[in-house]
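# Examination of the molecular architecture
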Amino acid sequence: MASDLARRLVPDELWELAEPLIPKFVPRRQGGGTVGVDDRAVFTAIVYVLASGCAWRHLPAEFGVSVPTAHRRFTAWTKAGLWPRLHHAVLDELGARGQLDWASAIVDAAAVRVEKGTLTGPNPVDRGKKGSKVHVLTDAAGLPLVVAVSAANVHDSQVLKPLLMALPALRSRRGPRRRRPEKVRADKAYNSAEYRAWLRERGIVPRIARAGVESSERLGRHRWKIERTLSWLFGYRRLTVRYERHGHLFNAFLVLAATLTCYKRLARLAT
């Protein structure tokens with residue numbers, strides 16, 4: 001049963017994309033010899049922690065990975081930049097199959113409660129309690145292209161430029177790689193003459209709601225897509241409440257969740 005669970009968490013096709021990107025690991029000497037742990041078993045354990053929301057100390061022994069090894073490898077892989085590279089690899093596969101919709105990009109954010117740690121701040125919509133904020137930029141269909149974490153008191157609009165600038169150049173079915181959407185859609189929290197001008201300078205049409213101009217009905221025709229994306233991401237229970245003291249480790253889980261969300265679309269193409 002454990003092997004069936006492992007295959008569901010990390011199918012062979014996903015592992016084929018991940019394995020070449022895994023940093024080489026030199027086992028630590030223990031008792032005069034060397035002990036190695038299978039990278040796929042570690043990767044699967046990390047996905048399990050993300051999906052189930054369990055604490056590291058509750059990692060089931062059936063995965064064949066000790067808690068210290070799983071957490072240490074997760075930290076090392078995060079430092080080595082594995083998760084953004086894997087996300088990029090999955091997006092490249094989708095792009096090559098014509099599955100990325102560049103007609104527009106949609107931007108939004110959602111708050112996450114947290115007790116302490118980096119990238120935290122008072123949440124203005126939660127009585128000033130400490131929290132973080134998850135920022136997401138998707139394609140027109142709601143596939144997460146870029147994600148980021150900030151303190152909860154960082155205004156949504158301040159992350160618009162970094163999200164767009166972080167868009168990687170992705171493969172397309174025909175022609176050169178792409179990294180620029182035709183439009184950017186966002187709610188009025190992102191409304192600013194500066195940002196509108198910045199987008200136009202880059203050949204991107206701003207579709208940002210303005211108070212008293214765009215109705216909520218018109219915005220809702222597109223907003224539901226990114227709300228669905230946020231629901232997909234928070235379906236990975238490790239993201240619903242932030243337990244990581246270090247913001248970059250919470251961000252690593254967020255990027256992995258975005259990667260798995262995109263991979264599910266890729267997997268459906270094969271069925």
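Per an unreviewed UniProt entry, the chain is named IS5 family transposase, and its organism is Actinomadura rugatobispora.

## Notes on the overall build of the chain
A count of helical and extended segments in the chain gives nine helices and nine strands. In terms of overall size, the chain behaves like a compact globule, its C-alpha atoms giving a radius of gyration of 20 Å where 271 residues would be expected to give roughly 18 Å. By its C-alpha atoms, the chain is 70 × 50 × 30 Å across when sized along the principal axes. Counting all 271 residues of the chain, 48% fall into the buried class. The contacts of the chain with a sequence gap of at least 6 include a subset with a gap of at least 24, amounting to 66%. Carbon together with sulfur atoms contributes 51% to the accessible area of the chain, which is approximately 13,800 Å² in total. On the chain, the mean spot of the 46 positive side-chain charges and the mean spot of the 24 negative ones are 3 Å from each other.

## Considerations on unusual backbone geometry
One non-glycine residue, Leu 119, lies in positive phi territory at about 55°. With respect to the element layout, Leu 119 can be found in the loop between strand S3 (105-114) and strand S4 (121-122). A relative accessible area of 38% means that Leu 119 is categorised as partly exposed. Even without glycine at this site, Arg 127 takes up a positive phi of about 55°. Inspection of the secondary structure puts Arg 127 in the loop between S4 and strand S5 (130-138).

## Some thoughts on the packing of aromatic side chains
In this description, a pair of aromatic rings is defined by centroid distance and the angle of the planes. Taken as a whole, this structure holds eight aromatic pairs when the rule is applied. These aromatic residues form a ring-pair network of at least three members: Trp 15, Phe 43, Trp 56, Phe 74, Trp 77, Trp 83 and Phe 253.

## Concerning the side chain of Ser 104
By the secondary structure assignment, Ser 104 is in the loop between helix H5 (82-96) and S3. Setting aside residues up to four positions removed in sequence, Ser 104 forms contacts with Thr 138, Asp 139, Ala 140, Pro 181, Lys 183 and Arg 185.

## Notes on the environment of Thr 69
Within the element layout of this structure, Thr 69 appears in helix H4 (residues 67-79). Since its relative accessible area comes to 11%, Thr 69 is described here as buried. Between the C-alpha atoms of Thr 69 and Val 42, which are 27 residues apart in sequence, the distance is 7.9 Å. A polar atom in the side chain of Thr 69 sits 2.8 Å from the side chain of Ser 66.

## Notes on helix H7 (residues 193-201)
Owing to its 3.6 residues per turn, the α-helix aligns residues three or four sequence positions apart on the same side. The set of residues buried in H7 consists of Tyr 195, Arg 196, Trp 198 and Leu 199. Each buried residue of H7 sits inside an arc of 160° when the element is viewed along its axis, so together they form one side. Seen from the open side of H7, the exposed residues pointing more than 90 degrees away from its buried face are Ala 193, Arg 200 and Glu 201. Of the surrounding elements, those touching the buried residues of H7 are helix H6 (160-165), strand S7 (183-186) and strand S8 (205-208). Where H7 ends, the next residue or the one after it, Gly 203, has phi of about 75°, a positive value.

## Considerations on the nonpolar core
A general trend in soluble globular proteins is that nonpolar side chains are found buried together. With 77 residues, the main nonpolar core has Phe 43, Ile 46, Trp 83, Leu 137 and Leu 239 as its most contacted residues. At 13 residues, helix H9 (residues 247-269) tops the list of elements feeding residues into this core. Ignoring anything within four residues of it in the chain, the contact list for Leu 137 reads Ala 105, Ile 106, Val 107, Leu 143, Pro 144, Leu 145, Val 146, Leu 163, Leu 164 and Leu 167.

## As for the pairing of S3
Taking burial as the measure, the 10 residues of S3 include eight buried ones, the bulk of the element. Here two bridges tie S3 to S7, and the two strands are oriented parallel to one another. By the bridge assignment, Ala 105 is partnered in S7 with Val 184. Where S3 meets strand S9 (residues 241-242), two bridges bridge the pair, whose relative direction is parallel. In the strand pairing of S9, Arg 113 is matched with Val 241.

## Some points on the environment of Phe 250
On the secondary structure map, Phe 250 appears in helix H9. When the C-alpha positions of Phe 250 and Leu 119 are compared, they lie 9.5 Å apart, and in sequence the two are 131 residues distant.

Conventions and cut-offs
- Residues numbered from 1 in each chain as written.
- Predicted model: local features only at pLDDT ≥ 70, side-chain atom pairs only at ≥ 80, totals over all residues.
- Heavy atoms only, no water.
- Helix = DSSP H or I, 4+ residues; strand = E, 2+ residues; numbered from the N terminus.
- Rg over C-alpha atoms; globule rule 2.2 N^0.38 Å.
- Buried < 20%, exposed > 50% of the residue type's maximum accessible area, 1.4 Å probe, protein only.
- Contact = heavy atoms within 4.5 Å.
- Areas by Shrake-Rupley, 256 points an atom, 1.4 Å probe, with all protein chains shown as cover.
- Lys, Arg positive; Asp, Glu negative; His and termini not counted.
- Charge placed at Lys NZ, Arg CZ, Asp CG, Glu CD.
- Phe/Tyr/Trp six-rings, centres within 6.5 Å; stacked < 30°, edge-to-face > 60°.
- Polar contact = N/O pair within 3.5 Å; in protein donor to acceptor, adjacent residues only side chain to side chain.
- Arc of directions from axis to C-beta.
- Core = buried A, V, L, I, M, F, W, Y, C linked by side-chain atoms within 4.5 Å.
- Pairing = 2+ DSSP bridges.

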